[in-house]
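A look at the structure
For reference, the chains in residue letters:
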Amino acid sequence: MSLTNADNLDQQEVEKFDEIAHNWWDKDQEFAPLHQINPCRLDFILGHAGQLYDKQVLDVGCGGGILSYSMAKHGAKVTGIDAAEQAIKIAQLHAKSQSISIDFQQTLAEPFSENHDSQFDIVTCMEMLEHVPDPESVIQAACKTLKPGGQLFVSTLNKTLKAYLLGVVAAENILGLVPKGTHEHDKFIKPSRLIAMIESQGLKVKQAKGMHYNPLTKSAKLNDDLSINYLLYAYKPTSAEL
């Protein structure tokens, strides 16, 4: 599809990820940290959803499909959307090679939500909000696609000095965990702001957890420190619960 600069995307961000899209499933290259934190993200989702079998799941900003694939392996009926054309192509090829059925589409959350109002049991939006000009617009669209009683899972980076020092200076410039220029501290989001965005759409944020990544063990775990990476779980009330 054709995406214009008027859309809620940073064209330079899209091009940046498209240039390295061929490495999405190489666990020793640029996206290695995403593979390493993915079990932690999946555990957070499963801890609240219980099970994913036969549930309609939307993965917003799916990239090359790492989280989408793991949720589909648990029996979810997954739709993954992303603005990056090459990332979507890689996601499609990987799913096909593994004989996993996932509906990957190159599109943005906003136009997608217009045709998919209240259709999904679960919506995920992981490590994506810090890469778009208007994260609140993405949240509005994501919440719109949720069925009443649906669950939203979001993760991003906190707008703190600690997140800048570890998520940008150390991760990009010292340890080389991710390519330089991957993150911009100005686009990081405080939990209070993200919670306000979500709850303004009628959802209730039920839990916030920090995610600590250990570069030595190349793994992540949940904790109560929200100062760097954090995840939120929110619930969309049914009409009976309002």
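Residues numbered from 1 in each chain as written. Predicted model: local features only at pLDDT ≥ 70, side-chain atom pairs only at ≥ 80, totals over all residues. Heavy atoms only, no water.

Let us now look at a nonpolar patch on the surface. Taken together, the side chains of Leu161, Tyr164, Leu165 and Leu166 present a nonpolar region at the surface, about 380 Å² in accessible area. For Leu165, a relative accessible area of 42% corresponds to the partly exposed category. (Patch = residues over 30% accessible without salt bridge, like charges linked within 9 Å, V, L, I, M, F, W, Y side chains within 5 Å. Areas by Shrake-Rupley, 256 points an atom, 1.4 Å probe, with all protein chains shown as cover. Salt bridge = Lys/Arg side-chain N within 4 Å of Asp/Glu carboxyl O. Buried < 20%, exposed > 50% of the residue type's maximum accessible area, 1.4 Å probe, protein only.)

Of all the positions in helix 1 (residues 11-19), only Glu13, Val14 and Phe17 are classed as buried. Seen from one end, helix 1 has its buried residues packed into an arc of 100°, which puts them on one side. Turned more than 90 degrees off the buried face of helix 1, the exposed positions are Gln12 and Glu19. Its side-chain oxygen 3.0 Å from the backbone nitrogen of Gln12, Asp10 forms the N-cap of helix 1. (Helix = DSSP H or I, 4+ residues; strand = E, 2+ residues; numbered from the N terminus. Arc of directions from axis to C-beta. Polar contact = N/O pair within 3.5 Å; in protein donor to acceptor, adjacent residues only side chain to side chain.)

We now examine the packing of helix 6 (residues 135-145) against helix 8 (residues 191-199). The N-to-C vectors of helix 6 and helix 8 enclose an angle of 40°; their axes lie 9 Å apart at closest approach. As the angle between them shows, helix 6 and helix 8 are arranged oblique. When the axes of helix 6 and helix 8 are compared, the crossing they make is right-handed. Across the interface between the two elements, Pro135, Glu136 and Ile139 from helix 6 touch Arg193, Leu194, Met197 and Ile198 from helix 8. Of the residues contributing to the contact of helix 6 with helix 8, the split by class is five nonpolar, no polar and two charged. (Axes fitted to C-alpha atoms, helices over the stretch in contact; angles between N-to-C directions. Parallel < 35°, antiparallel > 145°, perpendicular 65-115°, else oblique. Left-handed = near helix turned anticlockwise from the far one by under 90°. Contact = heavy atoms within 4.5 Å. Nonpolar A, V, L, I, M, F, W, Y, C, P; charged D, E, K, R; others polar.)

Bringing helix 8 into the picture now. Every buried residue belonging to helix 8 is among Pro191, Leu194, Met197 and Ile198, and all of these are buried. Angularly, the buried residues of helix 8 cover 125° about the axis, an arc narrow enough to put them on a single face. Considering only its buried residues, helix 8 is in contact with helix 6, strand 5 (146-157), strand 6 (204-214) and strand 8 (229-235).

Turning our attention to the nonpolar core. Judged by nonpolar contacts, the single largest core of 31 residues is most densely connected at Ile45, Leu52, Met71, Val78, Ile102, Phe104 and Phe153. Once residues within four sequence positions are removed from consideration, Ile102 is found in contact with Ser68, Tyr69, Ala72, Val78, Gly80 and Ala95. Met128, Val154, Met197 and Val205 belong to the second largest nonpolar core, which has 28 residues in total. (Core = buried A, V, L, I, M, F, W, Y, C linked by side-chain atoms within 4.5 Å.)

Structurally, Asn38 can be placed in helix 2 (residues 32-49). Accessibility expressed as a relative area gives 8% for Asn38, which makes it buried. Here Ser70 takes part through its side chain, which lies 3.2 Å from a polar atom of the side chain of Asn38. Residues contacting Asn38, with those up to four places away along its chain left out, are Ile66, Leu67 and Ser70.

Examined against the element boundaries, Asp82 turns out to sit in strand 2 (residues 77-82). Residue class for Asp82 comes out buried when judged on its relative accessible area of 14%. Linking Asp82 and Ala109, residues 27 residues apart in sequence, is a C-alpha distance of 8.1 Å. Excluding residues within four positions of it along the chain, Asp82 makes contact with Gly61, Cys62, Gly63, Ile88, Gln105, Gln106 and Thr107. There is a polar contact of 2.8 Å between the side chain of Asp82 and the backbone nitrogen of Ala84.

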